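Working through the structure, step by step
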Amino acid sequence: LITRVAMVYVLGKSLTTEQYGVYAIVLAALTFGTPIVGCSVHTYLVRHLPGLTNDRQVAIFRTTFPFEVLAASLWIGVFYRSGAFDYCLASLKMTEYRSEAMVGLVLQIGMVAASETQYFLTGQKRIEVANVVDYICQSACVWPLLMLWVLGYKLTLMSILITHCVGYGVGAAYGLRRSGA
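Below, the structure is looked at part by part. (Residues numbered from 1 in each chain as written. Predicted model: local features only at pLDDT ≥ 70, side-chain atom pairs only at ≥ 80, totals over all residues. Heavy atoms only, no water.)

Details of the packing of aromatic side chains
Taken as a whole, this structure holds 6 aromatic pairs when the rule is applied. Seen from their ring centres, Tyr9 and Trp149 are 5.5 Å apart, and the 85° between their planes marks the pair as edge-to-face. Of this pair, Tyr9 sits in helix α1 (residues 2–14) while Trp149 sits in helix α8 (residues 142–150), and the two are 140 residues apart along the sequence. Exposure remark for Tyr9: the relative accessible area of 47% places this residue in the partly exposed category. Between the aromatic rings of Tyr20 and Tyr23, the centroid separation amounts to 6.3 Å while the plane-to-plane angle is 50°, which identifies the pairing as tilted. One end of the pair is Tyr20 and the other is Tyr23, both in helix α2 (residues 17–37) and 3 residues apart, which spans about a single turn. (Phe/Tyr/Trp six-rings, centres within 6.5 Å; stacked < 30°, edge-to-face > 60°. Helix = DSSP H or I, 4+ residues; strand = E, 2+ residues; numbered from the N terminus. Buried < 20%, exposed > 50% of the residue type's maximum accessible area, 1.4 Å probe, protein only.)

Here you go:
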């Protein structure tokens, strides 16, 4: 809760109203996009892993993780190359934020990877570790941004989104490391 309040405060002080709106649209699209671009394979893990041997669980994860990350990458590639990306930006009146939206596409892949590791750990009934992955993903960007803001650095929408990418990347990496896969 504290990290969320701190993040809202820093965003409110750092971004213009328009930039804050773009940030909200990007994160909302990513939240809804994660199960779609990852083909919701992560739900398979929660349903089918319990009761299997650890070796079988890891074998399944070694198949589903690359599949889901690759599927997300392909969907995002098609979305970008087909012109749908530019159409969406124009429809949302966000064409001047094209670079930030492109970072959002990269962030989407990180969110899928982190989600996959979280659901794998949950399927293994390692809820505490899955919660740590979630915490890292959700708050790893807050502390560096808060420190930079307190030190007087001007935070931009781009730097905030890149920090989110790093947070989800660190969360996914931690989850992979703790998964044993």
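Structure shown, so let's carry the discussion forward.
Observations concerning the layout of surface pockets
Within this model, the largest pocket holds a volume of roughly 430 Å³. Ala29, Leu30, Phe79, Phe85 and Leu105 are the residues nearest the centre of the largest pocket, which is lined by 20 residues in total. Broken down by element, the residue count for the lining of the largest pocket peaks at 7 residues, all from α2. What lines the second largest pocket is a set of 18 residues, and nearest its centre among them are Thr31, Met111, Asp134, Gln138 and Tyr168. Those elements that place two or more of their residues in the lining of the second largest pocket are α2, α6 (98–123), α7 (127–139) and α9 (157–179). Sorting elements by how many residues they give to the lining of the second largest pocket places α6 first, with 6 residues. (1 Å grid on protein atoms, 1.4 Å probe; cavity = no way out; pocket = protein on both sides within 12 Å on 5 of 7 lines; lining within 4 Å. Points joined across faces, edges and corners; volume = space filled by probe spheres on them.)

A word on α2
For α2, which comprises 21 residues, the first-to-last C-alpha distance of 29 Å matches the rise-based estimate of 30 Å (1.5 Å per residue) to within 8%. If you look at α2, its biggest bend is around 30°, right at Thr31, and the proline Pro35 turns up within four residues after that. Of the positions making up α2, those classed as buried are Val22, Tyr23, Val26, Leu30, Gly33, Thr34 and Val37. On its buried face, α2 sits against α1, α4 (54–81), α6 and α9. Immediately beyond the C-terminal end of α2, within one or two residues, lies Cys39, with a positive phi of roughly 60°. (Expected span 1.5 Å × (residues − 1). Bend = angle between axes of the 7 residues up to and from the residue. Contact = heavy atoms within 4.5 Å.)

Let's talk about the side chain of Thr64
Mapped onto the secondary structure, Thr64 falls in helix α4. Within polar-contact distance, the side chain of Thr64 engages the side chain of Glu116 at 2.7 Å. Ignoring anything within four residues of it in the chain, the contact list for Thr64 reads Val41, Tyr44, Leu45 and Glu116. (Polar contact = N/O pair within 3.5 Å; in protein donor to acceptor, adjacent residues only side chain to side chain.)

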